[in-house]
Amino acid sequence: MTVYPEIDMTEQHDEHEHRDDQGSYDLAVEEARPKVKQPPLYRVVLINDDYTPMEFVVDILESIFGMERTRATQVMLEVHTKGKGVCGVFNFEIAETKVAQVMSVAKQHQHPLLCTMEES
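Treat the numbers as computed from the prediction; the structure is a model and nothing was measured. Numbers given to residues run from 1 along each chain, matching the order in which its sequence is written. The predicted origin of the model limits local features to residues at a pLDDT of at least 70 and limits the giving and counting of side-chain atom pairs to 80 or more, whereas totals for whole chains, interfaces and linings rest on all residues. Note that water and hydrogens are dropped before the side-chain values are worked out from all heavy atoms of the structure.

Trainee: If you had to explain the pairing of strand β3 (residues 41–47) to someone new, which residues and values would you point to?
Mentor: Summarising the sheet, β3 and strand β4 (residues 84–91) pair through seven bridges and their orientation is antiparallel. Counterpart to Ile47 in the pairing with β4 is Lys84. Two strands are counted as paired when DSSP detects at least two bridges linking them. In DSSP terms, a helix is any run of H or I states spanning at least four residues, a strand is any run of E spanning at least two, and both are numbered starting from the N terminus. Pairing between β3 and strand β5 (residues 114–119): six bridges, direction antiparallel. Across the sheet, Ile47 pairs through a bridge with Leu114, a residue of β5.

This is the structure:
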């Protein structure tokens, strides 16, 4: 039978251990913080066409995107002159819903207005 020397464990500790008043060790434990990544954002974009009335586009921007009349008119003019305009930036689910709402209202009014979303 092999005899092993006794090891004194009272003197071994790491830098995270601290002795309290009674001489015993307390272990300092730091809780890991989760790394939270912001979800990607998406631009909702209206695409110009030659058939949808400008007033209808302004109404869409006011009713679905909650824009004031002056801002809605600015975005409508951007769509008209540049070919497309950004209606807002949202997380995926909200952007998807806004696109569906625009397309649904446009279809109900028999306008070919197109709305898309693109990653911001």
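Now that the structure has been shown, the text picks up again.
Trainee: Mind laying out the nonpolar core, listing which residues take part and the relevant values?
Mentor: Definition of nonpolar core: a set of buried residues of the types Ala, Val, Leu, Ile, Met, Phe, Trp, Tyr and Cys, connected through side-chain atoms within 4.5 Å. Each residue is assigned to one of three classes by its accessible area relative to the maximum for its type, calculated with a 1.4 Å probe on protein chains only: buried under 20%, partly exposed between the two thresholds, exposed over 50%. Counting 23 residues, the largest nonpolar core has Val44, Leu46, Leu61, Phe65, Val102 and Leu113 as the members making the most contacts within it. Residue assignment for this core shows that the elements contributing at least two residues are β3, α1 (54–63), α2 (69–82), β4 and α3 (92–108). Ranked by the residues each element gives to this core, the list is headed by α1, at five residues.

Trainee: Which residues make up the pattern of salt bridges, and what are the values?
Mentor: By definition here, a salt bridge exists when the distance from a side-chain nitrogen of Lys or Arg to a carboxyl oxygen of Asp or Glu is within 4 Å. Applying the stated criterion across every chain yields a total of five salt bridges. The shortest N-O distance in the salt bridge between Arg69 and Asp59 comes to 3.7 Å. Of the two residues, Arg69 is situated in helix α2 and Asp59 in helix α1; the sequence distance between them amounts to ten residues. The salt bridge involving Arg69 is made with Glu62; its shortest N-O contact spans 3.1 Å. Judged by relative accessible area, which is 39%, Arg69 ranks as partly exposed.

Trainee: Lay out the environment of Lys84 with the relevant residues and their values.
Mentor: One can find Lys84 in strand β4. Distance from Lys84 to Val45, taken between C-alpha atoms, is 6.5 Å for residues 39 residues apart in sequence. We call two residues contacting when some pair of their heavy atoms lies within 4.5 Å. In this structure, Lys84 is in contact with Val45, Leu46, Ile47, Glu78, Val79 and Glu118, ignoring residues within four places of it in sequence.

Trainee: Could you give an account of the state of the cysteines, with specific residues and numbers?
Mentor: The rule for a disulfide is simple: a pair of cysteine sulfur atoms within 2.5 Å. A complete count under the given rule lists zero disulfides for this structure. Here Cys87 is not cross-linked by a disulfide; its sulfur's nearest cysteine counterpart is in Cys115, at 5.3 Å. For Cys87, a relative accessible area of 7% translates into the label buried.

Trainee: Talk me through the side chain of Lys98; I want residue IDs and the actual numbers.
Mentor: Looking at where Lys98 falls in the secondary structure, it is placed in helix α3. Only 2.7 Å separates the side chain of Lys98 from the backbone oxygen of Ile64, close enough to count as a polar contact. Ignoring anything within four residues of it in the chain, the contact list for Lys98 reads Val44, Ile64, Phe65 and Phe90. Think of a polar contact as two N or O atoms within 3.5 Å of one another; within protein, one of them needs to be a possible hydrogen donor and the other a possible acceptor, and neighboring residues in sequence only count if both atoms come from side chains.

Trainee: Provide a residue-level description of a nonpolar patch on the surface, including the pertinent values.
Mentor: Patch members must show over 30% relative accessible area and no salt bridge, and they are joined within 9 Å when carrying like charges or within 5 Å when they are nonpolar side chains of Val, Leu, Ile, Met, Phe, Trp or Tyr. Each accessible area is a Shrake-Rupley result for a 1.4 Å probe, and residues are judged covered by the shown protein chains and nothing else. Where nonpolar side chains cluster on the molecular surface, the patch consists of Leu41, Val86 and Val89 and spans about 210 Å² of accessible area. Counting through the fold element by element, Val86 comes out in strand β4.

Trainee: With reference to specific residues and values, describe the sheet that holds β4.
Mentor: Think of a sheet as strands paired side by side through backbone hydrogen bonds, with each pair either parallel or antiparallel. Strand order across the open sheet formed by three strands is β4-β3-β5, with antiparallel pairing between neighbours. Of all the strands in the sheet, the pair left with one neighbour each is β4 and β5. Pairwise comparison of adjacent strand axes, ignoring direction, gives a mean angle of 25° for this sheet. The convention used is that axes are lines fitted to C-alpha atoms, helices contributing only their stretch in contact, and that angles between N-to-C directions extend from 0 to 180 degrees. The strands touched by α2 are β3 and β4; relative to β4, the strand with the most contacts, the crossing angle is about 125°. Its contacts with the sheet put α3 on β3, β4 and β5, and the angle it makes with β5 is roughly 165°.

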